[in-house]
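# Structural overview
Chain by chain, the residues:
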Amino acid sequence: MPPIITTGKTMRDKVLLAHGSGGKLAHEIVRNSFVSALDNPILNPLDDSAIISAEGRLAFTTDSYVVQPIFFPGGDIGRLAICGTVNDLSMVGAKPLYLSLSFIIEEGLLIKDLERVVASIKETAEESGVKIVTGDTKVVNRGSADRLFINTAGVGIIPPKVDISGHNAQPGDAVIINGTIGDHGIAVLSQREGLGFATKLESDCSPLNGLVAEMLEASNAMRCLRDPTRGGLASTLNELAEQSRVSIRIEEDRIPVREEVAGACERLGLDPLHVANEGKLVAVVEAKDAEAVVARMKKNKYGRDAAIIGEVREEHPGRVVMKTRLGTSRIVDMLVGEPLPRIC
Amino acid sequence: MATVDDFRRSELVAGIVSSINRHATREARFMEFCGGHTVAILKNGIRQLLPPTIILTSGPGCPVCVTDNADLDKAIALAKLPDLILVSFGDMLRVPGSCSSLQEVRAAGNDVRIVYSPLDALELARTNSQKSVVFLAVGFETTAPGVAASVLQAKQEGLKNYYILSLHKLCPPITKVLLDSGEINLQGLICPGHVSAIIGSEPWQFIAGDYGIPCVVSGFEPLDILQCVDMLTQQVAREEAKVEIAYKRGVTPQGNQTAIKIMEQVFQPAPANWRGVGEVADSGLALRPEFKDFDAELNFDFDPGPTKTQKGCICGDILRGVKTPQECKLFRKVCTPVSPVGPCMVSSEGSCAAYYHYGEDNER
Amino acid sequence: MCLAIPVQITSINGTEADVRVGNIVKKASLWLTPQAKVGDYVLLHTGYAIAIVDEAEAEETLSLFREMADKMEDQWQQ
């Protein structure tokens, strides 16, 4: 862990406005808190831009993270910031390579909290095999940001012949999920004040690039990949149905949901289908490969509960329908409104 | 111990459906009073299991939906007052009033908070002694006793900054109004399960006795609703009209006497404004004079402004069971959950929201 | 708003109870059901226990459903 900054002045356990000013204090925080943790040859020169090379089709994505609270069971904003961008790259079949990392820090954030986030970023980056090659730090007045906001952008390479897009689903394809839904949203909610329940549930926040690489080995007929973050599984399936101009039919019985998540959702009047995930992906694959893909997924730690949950159909393009446990059917709509703000 | 899941078991569905089919020899229209039942029926696709002779119609049992614009405007006006925290159940935030909503008022910087329980509002009063905390008390007899208890607790603790804006309403009186209107032709009433857990099944007696309409108190799981329909269907087949309880694990004929006493100790019947119906005598609850110190209407100076209604919105007709959401010109085209015109599209128990989310071909 | 779920009382402290559904624990007020005991199932609505669930009735209702399911099967087999 990098040392706490000491320059002989008082209040050195908190981030100050001066830390973001570009001056001496700023250099210290960058070197001591960030670079020493994230050390790599591309980052270390600390030039205005990182110099990278890559050949082939590049995937490029960015996301900002404003989750509240910044520490939650099973993760924190740092882990989220890496996983979110790594996963977005993975969802187009790209191997994630390099990330940028920008902090907007509220004056007064404890340095030890910042360092805890950075340690988490380091660990997650190492697990994903990505390098953080450039970054930025700004500090804003108390009240102008809620403790810490992070932005990451990422670059990856898509192997030749891989064509994965939300437009590719075809009638007859199988729809697969890699595990239980709703874990992240409920874990974050469980930390928020006033919502009054305690659960051992942890966020599922995890990098899925390894899992995706294995899935691509199991099938060369992977049509779509998407991670159901905000809006949950329901919103993602609706997006895919709309983009591919198909309908999707899922079966309630087959969708993996943890008992604690189902119970919490009951209590709060939420539908697990609408709750955010941060370590899940939906895959649409040609039916003939579905079993093989699921079998392969189950061997990966992020795919143990993988299951085929439905199929793609032709009629009623854009619609998602679910066969309930009772054998009746109902529409599965996109999430409307914001029952769970600041979830990622 | 029987769990909630037991009342959802698909292998038990066929048995009840078979019984319904055997007994549903006549056409019958049943009204599910409660918005929670409307949602459960659509979410589980219950209509797909019923024979075509049985029609289900939604009723006025959504306390958010039946809140009149004029009443919501009062809450909005209160929220704008300085040093005041307006506390509400989440559903009320996005309901459009005459010109604004609590959500908009909050976005403009006023202190509006969402709570799950009046107990949370009490806690806010304790921890914000420099401010007034006004709880927007919306709900039927399921909710009113808890709110009453919170007032008693506030009085016990000597809290001086806790207030209630009571928009509570009562179910049996509005049911009588709907039946007297002659607008709907019902052969049965699916009585609200949790309202009845409080008031018991006795208060529904007049519907069977004076109007000859069978009543069955139902729970909210799919098997509960099917059982209720089965019992109503059998009464219709036998040309009977009585009040029965299907939801026996939660409801007794006398209800929860403690809850009723607390509710009556704090509240008294008062006229109330019902969206789509207008004022109905003795259909709402107002704080009794001895609790006037907790009454927001008596303790604050606020002006709700002129009342306006949204053109084209037929929430009122839908709540009376006269029209379905699909018959509304605005449904889906103009009025959607993202941009709602009326409360039926906003509330988690609103008919329009339920039809929008779970599908119209789910409907008969 | 009529949302009420069955939860089990795990401990009582005066008028307040700890209740559990699955692995979720929460507090509930027993102002409306002061006669409730530890181990009872209650219907929880906006933070208050509004009724005690009659477990015997619950079992009986389920038995009734099972009977109806059996009866239907018998009819098919005839």
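Residues numbered from 1 in each chain as written. Chains lettered and ligands numbered in written order. Predicted model: local features only at pLDDT ≥ 70, side-chain atom pairs only at ≥ 80, totals over all residues.

### With respect to the interface of chain B and chain C
Facing 42 residues of chain B, the contacting portion of chain C comprises 31 residues. Where the side of chain B that touches chain C is concerned, the elements lending two or more residues are helix H1 (13-23), helix H2 (35-43), helix H5 (118-127), helix H6 (144-157), helix H8 (193-199) and helix H11 (257-266) of chain B. Sorting elements by how many residues they give to the side of chain B that touches chain C places H1 of chain B first, with 5 residues. Class assignment of the residues belonging to the side of chain B that touches chain C gives a composition of 22 nonpolar, 14 polar and 6 charged. (Contact = placed C-beta atoms within 7 Å. Helix = DSSP H or I, 4+ residues; strand = E, 2+ residues; numbered from the N terminus. Nonpolar A, V, L, I, M, F, W, Y, C, P; charged D, E, K, R; others polar.)

### With respect to the interface of chain A and chain B
Across the boundary between the two partners, chain A contributes 13 residues, which contact 19 residues of chain B. Broken down by class, the residue content of the side of chain A that touches chain B amounts to 3 nonpolar, 7 polar and 3 charged.

### What about the nonpolar core?
Counting 248 residues, the largest nonpolar core has Ile176 and Ala283 of chain A, Leu86 of chain B together with Val42 and Ala49 of chain C as its most contacted members. Each residue touching Val42 of chain C, except ones within four places of it in the same chain, is listed here: Val7, Ile9, Val19, Thr33, Ala36, Ala49, Ala51, Ile52 and Val53 of chain C. (Core = buried A, V, L, I, M, F, W, Y, C linked by C-beta atoms within 7 Å. Buried ≥ 20, exposed ≤ 12 C-beta atoms within 10 Å, placed from the backbone.)

### Some words on H2 of chain B
Along H2 of chain B, 8 of the 9 residues are buried, which leaves the element largely enclosed by surrounding structure. Three or more residues of H2 of chain B are buried, namely Gly35, Gly36, His37, Thr38, Val39, Ala40, Ile41 and Leu42 of chain B. The inward-facing, buried residues of H2 of chain B abut strand E13 (329-331) of chain A together with strand E1 (28-34), strand E2 (54-61), strand E7 (188-191), helix H10 (222-237) and helix H14 (351-358) of chain B. One or two steps after H2 of chain B, the chain reaches Gly45 of chain B, where phi turns positive at roughly 65 degrees.

### Some words on the packing of H6 of chain B against H11 of chain B
Residue and element names in this part refer to chain B. As a packed pair, H6 and H11 sit with axes 8 Å apart at the nearest point and diverge in direction by 60 degrees. Taken as axis vectors, H6 and H11 run oblique relative to one another. For H6 against H11, the interelement crossing comes out left-handed. Every residue of H11 that contacts H6 at Ala144, Pro145, Ala148, Ala149, Val151 and Leu152 is listed here: Ala259, Ile262, Met263, Gln265 and Val266. Partitioning the contact of H6 with H11 into residue classes produces 10 nonpolar, 1 polar and no charged. (Axes fitted to C-alpha atoms, helices over the stretch in contact; angles between N-to-C directions. Parallel < 35°, antiparallel > 145°, perpendicular 65-115°, else oblique. Left-handed = near helix turned anticlockwise from the far one by under 90°.)

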